[in-house]
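# What the coordinates show
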Amino acid sequence: MAESKAEESSQNPVGEPDSSNPDSKRRGRDARSWLIEWVIALLLGAIVSAAWVVTSNMTSAEKWNIPQVYEGDGISMLTWIKAAKEGDYHFFGLSFVERLGAPFDANWNDYPMPEKPFTLYLGYLARLIGVIAAANASILSAHVLATMAFYLVCRRFRWCRWWSAVGAIVFGLQHYIVFRGQPHILMALIYTLPAAISVVYLVFGSKRMESGSKNRLWCIGVSFWMGISNPYFLNVFLQLLIMAAGLNICLHRRRENLVTAGMSFGSSVFGFLVSNNSLFLMMLFAGTGANTVALQRKVSEAEIYGLRPIELFLPPTTHRWELFSGLGEFYKSQQSYQQPETLSPYIGIIGIIALLCLIFFAGKKMIQNKAHNVPLAFLFSGWVLLYSTVGGMNHALALAGIKTFRATNRYSVFIITMVLLWAVSRLHLKRRRWPFPLQAALGVAIVAFAIADQLPHDPRAENRERLQKIVDEDRDFGRLIESELPEGAMVFQMPALDFPEGGGMGKMRQYEPLRPYMNTSKVKFSFGSNRGRMDAVWQHYIERLPPRAMVNELRNYGFHGIVIHRKAYTRPDRLLTVLAQLGLQPRAISNEHDFVFVPLPQPNPQPQLPDLDQLTIASYGKNWTRLDVNADQTLWSVKWWTEIGLNPAIAPGEVLHVNLKLASSQACRIKCFTGKLDHFEEVMEARSTKDVSFNFTVPMDAKYLQFRAYGKDKESDADKQLEFGVNRIQITRLAAGATQP
C-alpha cells in the first residue's frame, strides 16, 4: 500500500517528503544537508565540465581564444558580450552603445533581449579573460548550470541522490545545448526549466501551499526568475502554469494552490516587465511610440521553424557515430527546404528510451482506467507537442496575428526536461528492488552512453586554423584603423544594413559589419542601432547619394573614414575607383580583403547631426539587392514584391512628391501602392526603363511604399520569377498647396 501511494506521488510529484524514507523530514529541515547537496551538484558540474572540455578539445589557452562561430548570430553574441564588457549593456534603464550607431549612440532598447543577467555576467568575465574566451565559457556554463539545477530540483523532490545525479548529467549534456552553442547561447540556458516544471507540479497537487510556506515562496521566486530570463521559455511556462491551475480546480480545488498560481503568474509578468523595462521606456520617451519594425516575424516562419516530432528521434549530422550521422544526413537530403535549426530537437537515445517508457506507462494506466495515475509529464508534454508542432496551436496564433514565438522547435527541451524528471522519479521507486551494484553499473553505463551520444567530436576541429586566421586578421585591421584615427573618431560602414536580423548582402553574412567593432576599442562605427527608428536608417539615405555628395555629407557629420565590406559587392573595386577619383585612397586592407578602410580628409571640427525629420525614406525594406550599386544606383528586387519604408515622423495628411526611374529585365507590369491606395501601374518592356513621378497624400498608418510586378497579360505563378529595379528614388515633402518640390 505504501508503495502504491509512493508510486502515485511519483507520477505527480509535488515536493512533499517521501513517506518511504523516514529520515527525509529530518534531512529536509537540516540546513547542512543542503550544503552537501550543493557540494554534490558542484562535483557533477565538474564531471560535465571535464566531458565537455575533452570532447571539445578545449585543452589550451589558445583554443579558448578561438570562437566556436565567427559569422552570423555568433558575431552578434560576441557583440553583446563586448558591449557588456564596455559598460554599455544594462539590466535597468536604457541601453545605448556608445561605439555603435555613429554619429548617434546605438539604440538597443526596441528589441527584447533575453537572459540579461547572464549577458552581464559574461561582460564582467570578458574583462578578465577576453570576449572570445568568455563566449566559450558561456557554452560550458550552460552545461554546468543545467546539470546543477536538475540535480537540486530532484533532491527537492526527495529523490535518491544516485539517480538524481545520473539524470542531471544526462540533462546537462543535452544535444539542444550543443546545437545552440555560441550563436544561440542565450537560448541554450535550460537550467531554469527543471525548477519551472517543479512549480507547475506544486501548483497542481501540493498540500503545503499555505501563506508563507516554502513551497509558495519557491513558486513565486522561480516564476520571477523565469520572467527575467528567456521570453521563449516564459511563454510555455505560463501555459503549463495555467493548465496546472485548471487541473487543480477540476481535481483538488485547493484554494491555496490557486492563490499561489495567481501570484506566480503575476511574479513572472513582473519579472518580464523589469527585465524588458527599456522597451516600455522607449515607447514612452522616444517620441515615435512603439517600434514595430525592430522585431518582425512572418506567418510562414511559424511553419519553417515549427517543431517536427520526428526530429525528436533523429540524430544530428555532427553525431560521432557514422550510422547516426548518416541518418541525419539522409533526413536533411529529403527535405525540400532546410531551415537552420533542423535536427536541433534531438533528445538523445537515453531521452528516447525514457519517452517511450513514459508513453507506455501512461497508456497502461489509461487501459487500466487509472487516469488519475497518468503522469503529469505525459499530459504536459502532449500539450507542448500540440502547441509547438508545425500546423499546431502556435501556427494558428500566427495566422491570427500573434507571430512573436516563431521557432517552436525550441520547446522540445520542455519535453526532455519533463521526461527525464519522470524517469528519475521512477528509478527512485525501483531502487529498493535492485541491489546498489546493479544500480551503480546501470547509472555509469547511462552516463557514458549519454556522453558518447550527445557530445559530438570537436566541432571546431576542421575550422580552428581558419577561424584563428580570420580573428587575427580582424585584430590587425582594427589596430591599423586605430593607428590612423584619433580616439572617438567615427567611421561610416558600407553597405548600410539593418540591425538586428537585417540579413546579409552578397557574400557578406548577417552581422559581419560588427567585426571591426569587435576588434577595436576607441573608434565609433555607424552600424548597430535597432532598425525602425530614424537614428538608424539615415545611413540608407546617405549611402544612396552620388559619391561626391555622400563624402561631403559624411565629412559634415564629422566622420573620419569609411569601411567598405568588400564581400557585399559584386565589383567592389569599382567603388574604390570612384572614391579614388575623388582623391580618397585606402589606407588599411585586411589580409583576406574582407574590409577596406578609406580615410576622409578634414572632417568638420564642429560636426552636424543628420536632420532626421527631413529624411523621408526610413529603410529599403525587404527583398532588395544591388547587383552593382556603383554603376547606376539601381536597386533590383529579388522577389516580385518589395517595399520602401517611410519616415515614422511623416504625419498622415502630409503630401509627398515621389520621383524615380523604373527598370525591368523582363516584360511585366509594375504596380506601386500604399495599403489600399494605388499610385501607378506601368507596363514595362524587356530591358527597358521609364521615369515616373507622382504626388500622394499620406493616409493613416502608412509605413511603406509597396511595389509588385505582374505578368504583362495576366497574373500567374510565373510572376514570382519577375524582377525589376528602382533607380535613385527621391521622396520630398511638399509645402501646402504645392505640386512640385
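Rules and cut-offs
Residues numbered from 1 in each chain as written. Predicted model: local features only at pLDDT ≥ 70, side-chain atom pairs only at ≥ 80, totals over all residues. Heavy atoms only, no water. Helix = DSSP H or I, 4+ residues; strand = E, 2+ residues; numbered from the N terminus. Buried < 20%, exposed > 50% of the residue type's maximum accessible area, 1.4 Å probe, protein only. Contact = heavy atoms within 4.5 Å. Areas by Shrake-Rupley, 256 points an atom, 1.4 Å probe, with all protein chains shown as cover. Pairing = 2+ DSSP bridges. Axes fitted to C-alpha atoms, helices over the stretch in contact; angles between N-to-C directions. Salt bridge = Lys/Arg side-chain N within 4 Å of Asp/Glu carboxyl O. Expected span 1.5 Å × (residues − 1). Phe/Tyr/Trp six-rings, centres within 6.5 Å; stacked < 30°, edge-to-face > 60°. Lys NZ or Arg CZ within 6 Å of the ring centre and 35° of its normal. Core = buried A, V, L, I, M, F, W, Y, C linked by side-chain atoms within 4.5 Å. pLDDT = per-residue confidence, 0-100. Left-handed = near helix turned anticlockwise from the far one by under 90°. Nonpolar A, V, L, I, M, F, W, Y, C, P; charged D, E, K, R; others polar. Disulfide = S-S within 2.5 Å. Patch = residues over 30% accessible without salt bridge, like charges linked within 9 Å, V, L, I, M, F, W, Y side chains within 5 Å. Polar contact = N/O pair within 3.5 Å; in protein donor to acceptor, adjacent residues only side chain to side chain. Parallel < 35°, antiparallel > 145°, perpendicular 65-115°, else oblique.

## Some thoughts on the overall build of the protein chain
Each helix and strand counted, the protein chain has 27 helices and 17 strands in total. Going through the 741 residues of the protein chain one by one, you find that 57% of them count as buried. In the protein chain, once contacts between residues fewer than 6 apart in sequence are set aside, the share between residues at least 24 apart is 77%. Of the roughly 31600 Å² of accessible surface on the protein chain, 58% is carried by carbon and sulfur atoms.

## With respect to the sheet that holds strand β4 (residues 524–525)
Within the open sheet, the 5 strands sit side by side as β4-β3-β5-β7-β6. Their pairing is mixed. Among the strands making up the open sheet, the edge pair consists of β4 and β6 (588–589). Pairing between strand β3 (residues 490–494) and β4: 2 bridges, direction parallel. When the bridges of β4 are listed, valine 491 appears paired with phenylalanine 525. Set on the sheet, helix α22 (residues 464–484) makes contact with β5 (559–565), β6 and β7 (595–599); between it and β7 the angle comes to about 0°.

## Remarks on the pattern of salt bridges
Taken as a whole and judged by the stated rule, the model has 22 salt bridges. Note that aspartate 472 is salt-bridged to arginine 475, the shortest N-O span being 3.7 Å. In this pair, aspartate 472 and arginine 475 both sit in helix α22, 3 residues apart, roughly one turn of the helix. Residue aspartate 472 is classed as partly exposed on the basis of its relative accessible area, which comes to 32%. The exposure class of arginine 475 is partly exposed, given its relative accessible area of 28%. Note that aspartate 476 is salt-bridged to arginine 479, the shortest N-O span being 2.3 Å. Highlighted residues: aspartate 476 and arginine 479, both in helix α22, separated by 3 residues, approximately one helical turn.

## Side note on the pairing of β7
When you tally the buried positions in β7, you get 5 out of 5 residues, the bulk of the element. The alternating pattern of β7 places Phe595, Phe597 and Pro599 on one face and Val596 and Val598 on the opposite face, and all of these are buried. The pairing of β5 with β7 spans 5 bridges and is classified as antiparallel. Bridged to isoleucine 562 within β7 is valine 598.

## Thoughts on helix α17 (residues 348–367)
The α-helix advances 3.6 residues per turn, and as a result positions three or four apart in sequence lie on the same side. Taking 1.5 Å of rise per residue, the 20 residues of α17 would be expected to cover 28 Å, and the 28 Å separating its terminal C-alpha atoms lies within 8% of that figure. Taken as a whole, α17 has its buried residues at Gly348, Ile350, Gly351, Ile352, Ala354, Leu355, Leu358, Phe361, Ala362 and Lys365. A positive backbone phi angle near 60° is found at asparagine 369, which sits one or two residues after α17.

## What to know about the packing of aromatic side chains
Per the counting criterion, the structure on display carries 26 aromatic pairs. Ring centres of phenylalanine 157 and tyrosine 201 lie 6.4 Å apart, and the angle between their planes is 35°; on these two criteria the pair is classed as tilted. Of this pair, phenylalanine 157 sits in the loop between α7 (131–156) and α8 (161–172) while tyrosine 201 sits in helix α10 (residues 192–205), and the two are 44 residues apart along the sequence. Each member of the aromatic cluster is reached from another via a ring pair, and the members are Tyr232, Phe233, Tyr387, Phe405, Tyr411 and Phe414. Against the face of tryptophan 218 rests arginine 156, its NZ or CZ located 4.8 Å from the ring centre. The lysine or arginine in question, lysine 671, covers the ring of phenylalanine 673, its NZ or CZ lying 5.5 Å from the ring centre.

## Brief notes about the side chain of serine 141
Following the sequence through the fold, serine 141 ends up in helix α7. The exposure class assigned to serine 141 is buried, which follows from its relative accessible area of 13%. The contacts of serine 141, once residues within four sequence positions are left out, are Phe118 and Tyr121.

## A closer look at the pairing of strand β14 (residues 677–684)
Across a regular strand the side chains alternate sides, sitting on one face of the sheet and then on the other. Of the pairings in the sheet, the one linking strand β13 (residues 668–674) to β14 comprises 7 bridges and is antiparallel in character. Paired with threonine 674 across the strands is leucine 677, a residue of β14.

## What to know about the nonpolar core
If you look at the biggest cluster of nonpolar residues, it comprises 179 residues, and the most contacted ones within it are Trp108 and Phe414. Of the residues forming this core, the biggest block, 17 residues, is contributed by α7. Contact partners of phenylalanine 414, with chain neighbours within four places excluded, come to Leu193, Ile197, Phe233, Val236, Phe237, Leu240 and Val384. Listed in part, the 24 residues of the second largest apolar core include Leu656, Ile670, Phe694 and Leu705.

## Focus on the confidence of the model for the protein chain
Parts of the prediction with low pLDDT should not have their coordinates interpreted in detail. Averaged over every residue, the pLDDT of the protein chain is 85; residues scoring 70 or more account for 87%. Segment residues 1–10 is flagged for pLDDT under 50; beyond a separation of four residues in sequence, or across chains, it makes 11 contacts in the model. Below pLDDT 50 for its whole length, residues 17–24 participates in 12 contacts with residues either more than four positions away or in separate chains.

## Section: the packing of α10 against helix α18 (residues 376–388)
When two helices pack together, their arrangement is captured by the angle between the axes and the distance separating the axes. It is at 12 Å that the axes of α10 and α18 come closest, and there the two elements cross at 115°. The chirality of how α10 crosses α18 is right-handed. In contact with Val200, Tyr201 and Phe204 of α10, α18 contributes Leu376, Ala377 and Phe380. Taken together, the residues of the contact of α10 with α18 sort by class into 6 nonpolar, no polar and no charged.

## Let's talk about the state of the cysteines
Summed over the entire model, instances satisfying the criterion amount to 0 disulfides. Cysteine 160 takes part in no disulfide bond, and the closest cysteine sulfur to it belongs to cysteine 154, at a distance of 9.2 Å.

## Brief notes about a nonpolar patch on the surface
Together, Ile242, Phe265, Val269 and Leu273 give the surface a local cluster of nonpolar side chains, amounting to about 320 Å² of exposed area. The element contributing the most residues to the nonpolar patch is helix α13 (residues 255–275), with 3 residues. Tracing the backbone through its elements, the reader meets isoleucine 242 in helix α12 (residues 231–251).

## Quick look at the environment of glutamate 311
Its location among the elements puts glutamate 311 in the loop between α15 (299–304) and α16 (322–333). On the accessibility criterion, glutamate 311 (2% relative accessible area) is buried. Sequence-distant contacts of glutamate 311, defined by excluding residues within four places in its chain, comprise Tyr331, Gln335, Glu341, Thr342, Leu343, Ser344, Pro345 and Tyr346. At 3.0 Å, the side chain of glutamate 311 forms a polar contact with the backbone nitrogen of leucine 343.

## Looking at the packing of α17 against helix α20 (residues 412–430)
Between α17 and α20, the shortest axis-to-axis distance is 9 Å and the interhelical angle comes to 75°. Considered as vectors, α17 and α20 are oriented roughly perpendicular to each other. Residues Gly351, Ala354, Leu355, Cys357, Leu358 and Phe361 of α17 touch α20, and the partners they reach there are Ile416, Val419, Trp422, Ala423 and Arg426. Classifying every residue of the contact of α17 with α20 by side-chain character gives 9 nonpolar, 1 polar and 1 charged.

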